[in-house]
Amino acid sequence: VEVSLMLDVTGSMAGSKISTLKDAASDLVDTIIWADQSQYTSRMAIVPFAPGVNVGSYFTAVTNQSTTQTSSGWGGWGWGWGWGSSTITIDPCVVDRTGTYAYKDDAPGSGKWIPTYFDATNDATCDPSASIVPLTANKTTLKNLITSLNASGGTAGPLGTAWAWYMISPNWASIWGTNSAPGSYADVTTLNSNGQAKLKKIAVLMTDGDYNIMSGVNATQSTANTAAQSICTAMKAKGIEIYTVGFELDSTAARTVLTNCATDTSHFYDASSEAQLVAAFRDIALKISSLRLTN
């Protein structure tokens, strides 16, 4: 089992909502990452998202750039006012792909690099501060990330959705490295001796609001929702099972995009309270963990 967990850590999640999310996500980790990995394995990846996705130490591998950048412009220098340049350090955040690869999971490379938040916005700082964690069975690693989550910024839902896909895409195996390399898509449709799929790839997409950011800047909800749904459609075409969780949603459009993204209506959870969010995550965790028993 490979599970990719997209977590909304935008500004609207501040206060008790982010605290509840941390509890629910930690419970998900405890249930899905089972102790005995000798026969059937389970790994999880986590993608916190806000206006960007923080890719941490993978920044150069996915963008072909450095977090050390040269900034040029007019300003006051040692010799007076004039045109000059200075070296700055930028946060390792990225934004949406556009064009040919917007809704594909091709690995980064020539003509396919992931755009940086800095190039898109000219802002050296970004949200979220917490970076992604590729597939792992290490509960401590996963829970340490969850504990570090803070709420800030707008809602780049299509970006978070895309990165939930990248984390379990075998095309990205060389980026994540041997220990976190996703399994082959072929194993999703190959049956084991018990007549069950050799591999289940599952994405859990959680948000509490309307998608309103693309490429690091404001976007219409309609444009963002269409992009997110296109990514979900492409994921499902690869055999990825998708659960979606809406947390105290206040618009029909937000419910619609999550319903459409989900594998089917039974995979969409409309949590209208903190208690229901915890219950939704627990129900998803139990459904996923039951795969080990049926196998």
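Model, not experiment: these values are computed from the prediction.

Cut-off values and rules
Residues numbered from 1 in each chain as written. Predicted model: local features only at pLDDT ≥ 70, side-chain atom pairs only at ≥ 80, totals over all residues. Heavy atoms only, no water. Buried < 20%, exposed > 50% of the residue type's maximum accessible area, 1.4 Å probe, protein only. Helix = DSSP H or I, 4+ residues; strand = E, 2+ residues; numbered from the N terminus. Pairing = 2+ DSSP bridges. Polar contact = N/O pair within 3.5 Å; in protein donor to acceptor, adjacent residues only side chain to side chain. Contact = heavy atoms within 4.5 Å. Axes fitted to C-alpha atoms, helices over the stretch in contact; angles between N-to-C directions. Parallel < 35°, antiparallel > 145°, perpendicular 65-115°, else oblique. Left-handed = near helix turned anticlockwise from the far one by under 90°. Nonpolar A, V, L, I, M, F, W, Y, C, P; charged D, E, K, R; others polar. Salt bridge = Lys/Arg side-chain N within 4 Å of Asp/Glu carboxyl O.

Explain the pairing of strand S11 (residues 241-247) to me, using residue names and the numbers behind them.
Taking burial as the measure, the seven residues of S11 include seven buried ones, the bulk of the element. Burial along S11 is two-sided: Glu241, Tyr243, Val245 and Phe247 and Ile242, Thr244 and Gly246, pointing in opposite directions, are all buried. Note: strand S8 (residues 201-207) against S11, six bridges, orientation parallel. Counted as the bridge partner of Thr207 is Gly246 from S11. The pairing of S11 with strand S12 (residues 268-271) spans four bridges and is parallel.

Describe the side chain of Ser169, and please don't skip the residues or the numbers.
Note that Ser169 resides in the loop between helix H5 (157-166) and helix H6 (173-176). Looking at Ser169, its side chain comes within polar contact range of the side chain of Asp105, at 2.6 Å. Sequence-distant contacts of Ser169, defined by excluding residues within four places in its chain, comprise Asp105, Pro182 and Tyr185.

Tell me about the packing of H5 against helix H8 (residues 221-237), and please be specific about residues and values.
Angle between the axes and distance between the axes: these two values describe a pair of packed helices. Between H5 and H8, whose axes approach to 8 Å, the crossing angle comes to 15 degrees. What the angle tells us is that H5 and H8 run roughly parallel. Remark: the crossing between H5 and H8 carries left-handed chirality. Contacts from Pro158, Thr161, Ala162 and Trp165 in H5 reach Ala224, Ala227, Ala228, Ile231, Cys232, Ala234 and Met235 in H8. Taken together, the residues that form the contact of H5 with H8 break down as ten nonpolar, one polar and no charged.

Go over the pattern of salt bridges with me, naming the residues and quoting the values.
Pairs can form between side chains of opposite charge whenever their charged atoms are close. Enumeration over the complete set of coordinates arrives at twelve salt bridges. In this structure, Asp27 engages Arg282 in a salt bridge whose closest nitrogen and oxygen atoms are separated by 2.9 Å. Of this pair, Asp27 sits in helix H1 (residues 16-32) while Arg282 sits in helix H10 (residues 274-294); the two residues are 255 residues apart in sequence, bridging distant segments of the chain. Arg282 gets classed as partly exposed once you look at its relative accessible area, which sits at 42%. For Asp270, the salt bridge identified is with Arg255, shortest N-O distance 2.9 Å. Of this pair, Asp270 sits in strand S12 while Arg255 sits in helix H9 (residues 252-261), and the two are 15 residues apart along the sequence. Note on Arg255: relative accessible area 29%, which makes it partly exposed.

I'd love a proper account of the packing of H1 against helix H4 (residues 139-148), names of residues and values included.
Put simply, H1 and H4 touch, their axes get as near as 10 Å, and they point 170 degrees apart. By the angle between their directions, the pair H1 and H4 is classed as roughly antiparallel. Listed contacts from H4 to Lys22, Ala25, Ser26, Val29 and Asp30 of H1 are Lys139, Leu142, Lys143, Ile146 and Thr147. Of the residues contributing to the contact of H1 with H4, the split by class is four nonpolar, two polar and four charged.

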